[in-house]
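Descriptive analysis of the structure
Residues per chain are reported as follows:
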Amino acid sequence: MPVATTSRRRLASRRQNSEDIEDARNTQANGIDDDVSDDDRAVAKVKKEKKGKRRADAEDDVGEDDDDDDDRIDVANFADQPLRKGDLHKLKGISDDWESMANQIGQQSSIYKDVAAAMAEAGETDTNSSKDLQALDRDMKDFLDVCAEMTLHAQSLDAMHQLIARGEPVANPQELYEDNLKQRMEEYAGKTSRQKYARDQRYNEFQSGIWEVHHPNEPMPPLTEFIPEVYGDDSDDDDEVEMGGATQNYNCPITLTPLVNPVTSRICKHSFSKDSILGYCQITSKVYKCPATGCNKSFKLSDCVADPELAKKVKAHQRRVALAAEDSDAEVID
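Just so it is clear, the model here is predicted, and its values are computed rather than measured.

Reading the values: rules and limits
Residues numbered from 1 in each chain as written. Predicted model: local features only at pLDDT ≥ 70, side-chain atom pairs only at ≥ 80, totals over all residues. Heavy atoms only, no water. Pairing = 2+ DSSP bridges. Helix = DSSP H or I, 4+ residues; strand = E, 2+ residues; numbered from the N terminus. Axes fitted to C-alpha atoms, helices over the stretch in contact; angles between N-to-C directions. Core = buried A, V, L, I, M, F, W, Y, C linked by side-chain atoms within 4.5 Å. Buried < 20%, exposed > 50% of the residue type's maximum accessible area, 1.4 Å probe, protein only. Contact = heavy atoms within 4.5 Å. Salt bridge = Lys/Arg side-chain N within 4 Å of Asp/Glu carboxyl O. Parallel < 35°, antiparallel > 145°, perpendicular 65-115°, else oblique. Left-handed = near helix turned anticlockwise from the far one by under 90°. Nonpolar A, V, L, I, M, F, W, Y, C, P; charged D, E, K, R; others polar. Phe/Tyr/Trp six-rings, centres within 6.5 Å; stacked < 30°, edge-to-face > 60°. Expected span 1.5 Å × (residues − 1). Polar contact = N/O pair within 3.5 Å; in protein donor to acceptor, adjacent residues only side chain to side chain.

1. So, the sheet that holds strand β1 (residues 262-265)
Within the open sheet, the 3 strands sit side by side as β2-β1-β5. Their pairing is antiparallel. Each edge of the open sheet carries a strand with a single partner, namely β2 (271-273) and β5 (304-306). Strand-to-strand twist in this sheet, taken as the mean axis angle between neighbours without regard to direction, amounts to 35°.

2. Some words on the nonpolar core
Counting 32 residues, the largest nonpolar core has Y203 and F206 as its most contacted members. Looking at this core, the elements with two or more residues in it are α3 (88-106), α4 (110-121), α5 (131-165), α6 (173-189) and α8 (201-214). Counting residues per element, this core draws most heavily on α5, at 11 residues. Beyond its immediate stretch of four places on either side in the chain, F206 contacts Y112, K113, A116, T127, L136, D137 and M140.

3. A word on the side chain of K141
Relative to the elements of secondary structure, K141 occurs in helix α5. The class of K141 is buried, set by a relative accessible area of 15%.

4. With respect to the pattern of salt bridges
A complete count under the given rule lists 8 salt bridges for this structure. Ionic pairing is found between K90 and D87, a salt bridge with its closest N-O pair at 3.7 Å. Under the relative-accessibility criterion, K90 is labelled partly exposed at 48%. Given the relative accessible area of 18%, D87 is considered buried.

5. Notes on the packing of α5 against α6
At a minimum axis distance of 9 Å, the contact between α5 and α6 shows a crossing angle of 135°. For the element pair α5 / α6, the angle class is oblique. Crossing geometry of α5 relative to α6 is assigned as right-handed. The residues of α6 that touch α5, namely those facing L144, D145, A148, E149, L152, H153, Q155, S156, L157, A159, M160 and L163, are P173, L176, Y177, N180, L181, R184, M185 and Y188. Considered class by class, the residues forming the contact of α5 with α6 number 13 nonpolar, 4 polar and 3 charged.

6. Considering the packing of aromatic side chains
Scanning the model with the defined rule gives 6 aromatic pairs in all. Measuring from ring centre to ring centre gives 5.8 Å for Y203 and F206, while their planes differ by 25°; the resulting arrangement is stacked. One end of the pair is Y203 and the other is F206, both in helix α8 and 3 residues apart, which spans about a single turn. Looking at Y203, the relative accessible area reads 0%, which means it is buried. Judged by centre distance (6.4 Å) and plane angle (75°), the ring pair of W211 and F226 falls under edge-to-face.

7. Some words on α8
Taking 1.5 Å of rise per residue, 14 residues should cover 20 Å, and α8 covers 20 Å from first to last C-alpha, within 8% of that figure. Within α8, 10 of the 14 residues are buried, leaving the element largely enclosed by the surrounding structure. For α8, the full list of buried residues reads Y203, N204, F206, Q207, S208, G209, I210, W211, E212 and V213. Where α8 begins, the capping side chain belongs to D200, and its oxygen is found 2.8 Å from the backbone nitrogen of R202.

8. Examining the packing of α4 against α8
Look at α4 against α8: their axes get within 8 Å of each other, and the N-to-C directions meet at 20°. Between α4 and α8, the crossing angle belongs to the class labelled roughly parallel. Two packed elements cross with a definite hand, and for α4 against α8 that hand is right-handed. Together, Y112, K113, A116, A117, A120 and E121 of α4 and E205, F206, G209, I210, V213 and H214 of α8 make up the contact between the two elements. Class assignment of the residues belonging to the contact of α4 with α8 gives a composition of 7 nonpolar, 2 polar and 3 charged.

Here you go:
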């Protein structure tokens, strides 16, 4: 038999005392007034039944509270539950969140590029000779490492997603996720600086911002020229295309003059002055062949979007060209 709890015993005791007092009062009332009508006695009986019902409900509530306590989950000792195909959308959502966060934070790499270009304009030469630029270069690489780590989180979740989609059991998802992430992190940490950054577009823009200040009309060397070679770099595939080696062209392919309010095609990535491409693509719904020499892509006017980042580069380039011209004139006068 179940044993009554303390709260139940107290409740039963209070109920018994209350009933004794009420019975005593009823007895006294009966002795004092024997002329009470039958209707009054009926009303008193109904009131007493209602009180009894309320006490019974209160007792039931106490019992329900005890049942709730019994149903509580012991979180500390609750084992991981296996993941099933019904959980695929949850994994995909978390993975997409990691990837989205990496992309959004990665877009802020332009801050490092702008600071590097400003330092170069102030007289700093390059990351091989300037201690200040070397410090900024380390910060830039740390930033890229953080973005890479976020991507590794997304890749670890994607690997679990593929396992579950194939019907393979994932009994301990947390352990599997942590082991997968640890393995990927160790692989990334074991890469050389060239393997991490030599093909990263953001690092290429960082170095090109410095290079263009001192060599505005010269193509930048491959990024490997700015990253010392260490043991293990010779294992890189020779077929990989190295970044760098190209000169940024700030002229519009249509007018052949410096870009003004530049817009860039999302299809082929070529850029044009806004007014010139509006004149070229006069029918908004029509598809036009890209006017850039050698490009075989086609696009609509709606595919060309404003490029404020390129506009900043154009202004900086024009300022450097003007300063270089002034220095050249000063040398001739001397």
